[in-house]
Amino acid sequence: MQLAVLGGFVLATFAPLLHRWFGDRAGQVMALLPGGLALWLLFQMPAILGGEVMVFEQAWVPGLDITLTFLLDGLSLLFALLISVIGVFVLVYASGYLEGHPDMARFHVVLVAFMMSMLGLVLADNMVAFFVFWELTSVTSYLLIGFNHTDPDARKSALQGLFVTAGGGLALMAALVMLGIMGDTWSFQELLGQGDALRGHDLYFPMLLCLLGGAFTKSAQFPFHFWLPNAMAAPTPVSAYLHSATMVKAGIYVLARLHPSLGGTESWVTLLSLFGAVTMFIGAFLALRHTGIKSLLAYSTVMALGTLTMLLGIGTDEALTAFVAFLLAHSLYKGALFMVAGILDHETGTKDISAMGGLGRLMPVTAVCAGVAALSLGGVLPLFGFVAKELMFESVLHAERLSLFVQLLSLAAAIMTLAAAAIVALRPFFGKQRDLPKTPHEGPPSMLVGPVVLAGLSLLFGLAPGLVNGLVGAAVTSVRGEALPVSLSLWHGVNLALVLSLVSLAVGLLIFRHWERWRGWLGKLDPLFARGPEAGYFWSMDMIVKVSSWQTRMLQNGYMRNYLVMTLLVLVGLTGYTLWSRHVLSLSFALDVRFHEAVVAGLMMSGAVVACVMRPRLAAVAAVGTMGFGIALTFVMFSAPDLGITQLLVETLTVILMILVLFRLPRFANLSTHLERVRDLVIATATGVLVTLLVLEVVDHRFFPSISDYMIANSQPEGHGHNIVNVILVDFRALDTLGEMFVLALAAIGVFAMLRFHADEYEARQPEREEPSDG
Amino acid sequence: MEPLMAVVIGVIYSAAIYMMLRRSIVKLVIGLMLLSNGANLLIFTSAGLTRGAPPLIPEGLSAPLGDVADPLPQALVLTAIVIAFGVLSFAVVLIRRAYEIVRADDLDKMKDTDT
């Protein structure tokens, strides 16, 4: 199993090679992979339907308890089947739709990688692996949406999709980590048994919010629904795939997967029903505003996703059955409808429905597919969509929470969806023929096979819903956590749900009759939509840019002292706070100072201070030198004769160097204002005080035994030296000394190079420059 | 003695940072000199100060008599002194070159790559 999915990624990288061998048929060849997977899944079906759960163990990072374990139960079987079956048709369809496109190979690389990420996502049992696949779908869908990279709109939409879903991905990661802490496991399987403990956990509510943040962004729930219609910038085969079986269903999938462990609480039911119902309504409502066939379908996907979320929220046995049935129905008809939309676009050269008409005679197969699929979308007898819609009404009528709210919104959404379905199915194919950019004719067989099969399945499952009893039942069992036999039927008898269906049919057709006028009314609401959530997205994007440029101007402004001030303030702030809060400074110590030591200390301090206040440069250097010699004396007084000698030599050299170079340097300039000086003085003093306190804290603290004892003991026997410091330098830590020599050599080379390159050469090239005023 | 040394180190640090915050490039060099000296003193003091017991082994013995000062920080400081000198001489020459070419002694005027 793992091999198939990971092998798919490998295959994706070979797509360009396959293109060289098979040309435009490469898509069909690659379709063999999802086709084979689908067949394999079908062979596993009897076992899964029998209640078996297949686990494919594979260690990945054993040390961190991360596995690449795949899990095949009813829910993942349903999803995997949809992904692989629709994947086959999408690959075949794309080879027709993009025929002759120069970037076909790139398209296949990304599409197959996306397919495999999606399969991995629905099959993964380990939450870490799940998250990796989740992010992979975000990245690959970004590449798919932005496939026409020369189109700025496509780039913008792709980026928008990526930002929204990847932002949600961060929330999801937080949720998964919290789940891992709550359940002490990374396995979805093992979370199953802990339902009550998880629901009662303190972290439940924050975890749920993060989880919904991830799922809602991915599945385009309100208020994050805007990215999905924009993702229409993708080539149509991609839209068909993203909308029907994959990407947007990932959010729904994770909610369904965790439903048995987390569902049923008050917050779960309320949040999911509320957001689901609102999304459903808004999706259906916005669908009618658009004349572009793809936008219209995209908003109806938003509607469907809202419905699915709402049904998961309601969570009764009926609702879960409706959930699975609706999911299946939607995948079938939406895949078919998008492919039909692609054929129309491909053959007529326009996406605007209001510009099409009378195409039914020219492209009869397409028209029939569109009709069947749209009837399923509208939920009309005898399509599978009707079965799903009946179940949906049934469960909404029995909803326990927010019942009136979800009932009204469901009815309204059903009415508008029906109108939208009628627009898609009837508008382009009936009525009078209009002028189009291209002369339309029936699409090529490779583009027809997908819609025909998918629409045919919608009809078949509608007429004989018993065929999918087992599959739906197994998926419901996984979502519910306990077995539930399902028996779907087309005709439920005359009941309230049927009445609602008929009402929505009648009113929906009425809206369809008056669509133009309806659009006119909706047009008046445009200013309102301009302030919708998408405006919020653009605003936050703008703010991110503004805040970053402001922050860059503040922190990275090119003034050395500003960097220094920032670093010091952070140092003083954090270290000072830690010292103050964690430690009680014991300022009681014996002041054991001898007179000559106090004199040397005074010498050093006054040297440092004088160096700061002296105006002549020579005096300042002399003052630093005085301090340096004071330090040398200190080394000598406190048992470090080697240090004393070295310091004495180096200090002398430094002073000589400074004096040699000094007169080639400018005089001290008086550049700062009084206020700046006070500010710097405060910062400098604060740092000084902090360092003093730190030294007082650190002196005589030993957290672990020093290695010095070993060095003292072994200096003579092992190193054959009587001066322990020297033995350390040339023996115990000889590599350090070697490094030091390198540093010095580099510095010497640098100094030499800079001195050799004379300023005259530079001057010669820039003759207009003035001579320096200071010799 | 350590408390007094702590104060000395604090003063040297303050002076070093004050000088490094100035806009004049020569003052920056002085600040650098002060800071490296302060850092050496800090390492030396942190290990504890010992009077009159240098880490030397008398002739003919294999270990020093009695307790001696910790040799390890001394070795570290010795390295640090020499490195500091290397860095300082590099910085001084670099600043001299920069001044020769840019003719600006104000760090604020050196912040752009165009001269």
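Residues numbered from 1 in each chain as written. Chains lettered and ligands numbered in written order. Predicted model: local features only at pLDDT ≥ 70, side-chain atom pairs only at ≥ 80, totals over all residues. Heavy atoms only, no water.

Here we look at the overall build of chain B
Applicable threshold: A helix here means a DSSP run of H or I that spans at least four residues, while a strand means a run of E at least two residues long, and both kinds are numbered starting from the N terminus. For this measure, only C-alpha atoms enter the radius of gyration; the expected value for a globule follows 2.2 Å times N^0.38, where N is the number of residues. Relative accessible area decides the class of each residue, using a 1.4 Å probe on protein chains only: under 20% of the type maximum gives buried, over 50% gives exposed, and in between gives partly exposed. Contacts between residues were defined by any pair of non-hydrogen atoms, one from each residue, lying within 4.5 Å. Areas reported here follow the Shrake-Rupley algorithm with a probe of radius 1.4 Å; residue values treat only the protein chains shown as occluding.
Check the secondary structure of chain B and you find three helices and zero strands. Each helix and strand of chain B, placed in order from N terminus to C terminus, yields the pattern α-α-α. Expected size for 115 residues packed as a compact globule is a radius of gyration near 13 Å; at 20 Å, chain B overshoots this value by more than 25%. C-alpha extents for chain B along the principal axes are approximately 65 × 30 × 15 Å. Looking at chain B as a whole, 63% of its 115 residues are labelled buried. In chain B, the share of contacts with a sequence separation of at least 24, taken over all contacts with a separation of at least 6, comes to 59%. Total accessible area on chain B stands at roughly 3900 Å², and carbon and sulfur atoms take up 63% of it.

Concerning the nonpolar core
The cut-off we apply is this: In plain words, nonpolar cores are sets of buried Ala, Val, Leu, Ile, Met, Phe, Trp, Tyr and Cys residues tied together by side-chain atoms within 4.5 Å.
Counting 200 residues, the largest nonpolar core has A:F130, A:L211, A:W227 and A:L288 as its most contacted members. Not counting the four nearest positions on each side in its chain, A:L288 is found in contact with A:M416, A:A419, A:A420, A:I423, A:I511, A:W515, A:W518, A:R519 and A:L522. With 76 residues, the next largest nonpolar core counts A:M637, A:L662, B:V8 and B:L72 among its residues.

Observations regarding the side chain of A:Q647
Mapped onto the secondary structure, A:Q647 falls in helix α29 (residues 641-662). We classify A:Q647 as buried; its relative accessible area is 1%.

Considering the environment of A:P382
All names here are of chain A. Residue position: P382 is located in the loop between α17 (364-378) and α18 (384-397). A relative accessible area of 27% means that P382 is categorised as partly exposed. Sequence spacing of P382 and V406 is 24 residues, and the spatial spacing of their C-alpha atoms is 25 Å. Ignoring any residue separated from it by four or fewer positions in sequence, one finds P382 in contact with L459, G462, L463 and L490.

A closer look at the interface of chain B and chain A
The condition that has to hold: Two parts lose some accessible area (1.4 Å probe) when they are put together, and adding that loss for both gives the buried area. By salt bridge we mean one thing: a side-chain nitrogen of Lys or Arg within 4 Å of a carboxyl oxygen of Asp or Glu. Pairs of N or O atoms are called polar contacts if they sit within 3.5 Å, as long as, within protein, a hydrogen donor faces a hydrogen acceptor (for residues adjacent in sequence, only side-chain-to-side-chain pairs). Ten residues, namely Ala, Val, Leu, Ile, Met, Phe, Trp, Tyr, Cys and Pro, are considered nonpolar, four, namely Asp, Glu, Lys and Arg, are considered charged, and the remaining ones, Gly among them, are considered polar.
Contacts between chain B and chain A engage 89 residues on the former and 107 residues on the latter. Taken over both partners, the interface formed by chain B and chain A buries close to 9000 Å², and the fraction arising from carbon and sulfur atoms is 74%. Looking only at chain B, the three residues that lose the most surface to chain A are B:L21, B:R51 and B:R96, adding up to 8% of its buried area. Our enumeration of links across chain B and chain A arrives at two salt bridges. Here A:D680 ties to B:R22 by a salt bridge, and the two come within 2.8 Å at their closest N and O atoms. Counting every contact that joins chain B to chain A gives 14 residue pairs in polar contact (both at pLDDT 80 or more). Per element, the largest residue contribution to the side of chain B that touches chain A is 26 residues, and it comes from helix α3 (residues 71-102) of chain B. Per-class residue counts for the side of chain B that touches chain A are 59 nonpolar, 15 polar and 15 charged.

So, the pattern of salt bridges
Under the definition given, this model contains eight salt bridges over all chains. One network of salt bridges, with partners in common, ties together A:R679, A:D680 and B:R22.

Describing the confidence of the model for chain B
Residue and element names in this part refer to chain B. Counted only if it meets this: Known as pLDDT, the predictor's per-residue confidence is scaled from 0 to 100.
Averaged over chain B, the pLDDT score is 86; the fraction of residues at 70 or greater is 96%. Mean pLDDT values for the elements of chain B range from 88 in α3 up to 92 in helix α1 (residues 2-20). Both scores are available for the predicted complex, with the pTM at 0.72 and the ipTM at 0.93.

So, the side chain of A:T69
All names here are of chain A. By secondary structure assignment, the location of T69 is in the loop between β3 (66-67) and β4 (70-72). We classify T69 as buried; its relative accessible area is 3%. The residues contacting T69, other than those within four sequence positions of it, are Q2, V55, F56, E57, Q58, L123, A124, D125 and N126.

Topic: the packing of aromatic side chains
The line we're drawing: Side-chain rings of Phe, Tyr and Trp, where Trp is taken by its six-membered ring, are said to pair if the distance between their centres is within 6.5 Å; with planes under 30 degrees apart they count as stacked, over 60 as edge-to-face, and otherwise as tilted. Distance and angle both matter: a charge sits over a ring if NZ of Lys or CZ of Arg is within 6 Å of the ring centre and within 35 degrees of the ring normal.
Overall, the coordinates contain 17 aromatic pairs over all chains when judged by the stated rule. A centroid spacing of 6.3 Å and a plane angle of 55° characterise the contact between A:F70 and A:F133, whose relative ring orientation is tilted. Residue A:F70 is found in strand β4, and its partner A:F133 is found in helix α6 (residues 127-145); the two are separated by 63 residues along the sequence. Using a relative accessible area of 1% as the deciding quantity, one classes A:F70 as buried. For the ring pair A:F226 and A:Y537, a centre distance of 5.5 Å and an interplane angle of 45° mean the geometry is tilted. Taken together, the positions of A:F226 in the loop between α10 (204-218) and α11 (227-230) and A:Y537 in helix α25 (residues 533-555) put the pair 311 residues apart, joining distant regions of the chain. We note A:K218 situated over the ring of A:W134; from NZ or CZ to the ring centre the distance is 4.8 Å. The ring centre of B:Y18 lies 4.5 Å from the NZ or CZ of B:R22, which sits over that ring.

Focus on unusual backbone geometry
Residues and elements named next belong to chain A. P223 follows F222 through a cis peptide bond whose omega is 0°. Within the element layout of this structure, P223 appears in the loop between α10 and α11. The backbone of D184 sits at a positive phi, close to 55°, despite the residue not being glycine. Inspection of the secondary structure assignment puts D184 in the loop between α7 (152-183) and α8 (188-192).

A few points about the environment of A:L203
Residues and elements named next belong to chain A. Position of L203 among the secondary structure elements: in the loop between α9 (195-200) and α10. Under the relative-accessibility criterion, L203 is labelled partly exposed at 26%. Sequence separation between L203 and L488 is 285 residues, and the spatial gap between their C-alpha atoms is 38 Å. Apart from the residues within four sequence positions on either side, L203 is in contact with M178, I181 and M182.

What to know about helix α26 (residues 560-582) of chain A
Selection rule: Any helix carries an expected span of 1.5 Å times its number of residues minus one.
With 23 residues, α26(A) extends 33 Å from end C-alpha to end C-alpha; this agrees with the ideal 33 Å at 1.5 Å per step. For α26(A), the set of buried residues is A:R561, A:L564, A:V565, A:L568 and A:L579. Against α30 (674-698) of chain A together with α1 of chain B lie the buried residues of α26(A).

Quick look at the confidence of the model for chain A
Residues and elements named next belong to chain A. Looking at chain A, the pLDDT average stands at 83 and 95% of residues meet or exceed 70. Per-element averaging of pLDDT across chain A places helix α34 (residues 759-765) at the bottom with 58 and helix α28 (residues 617-637) at the top with 91. Ignoring residues within four places in sequence, the model shows residues 769-775, a span with pLDDT below 50, making 16 contacts including any to other chains.

Some details on a nonpolar patch on the surface
Convention followed: Excluding any residue in a salt bridge, patches collect residues exceeding 30% relative accessible area, merging like charges within 9 Å and nonpolar Val, Leu, Ile, Met, Phe, Trp and Tyr side chains within 5 Å.
On the surface, A:V10, A:F14, A:L17, A:W21 and A:F22 cluster together to form a nonpolar patch covering roughly 510 Å² of accessible area. Tracing the chain through its elements places A:F14 in helix α1 (residues 2-22).

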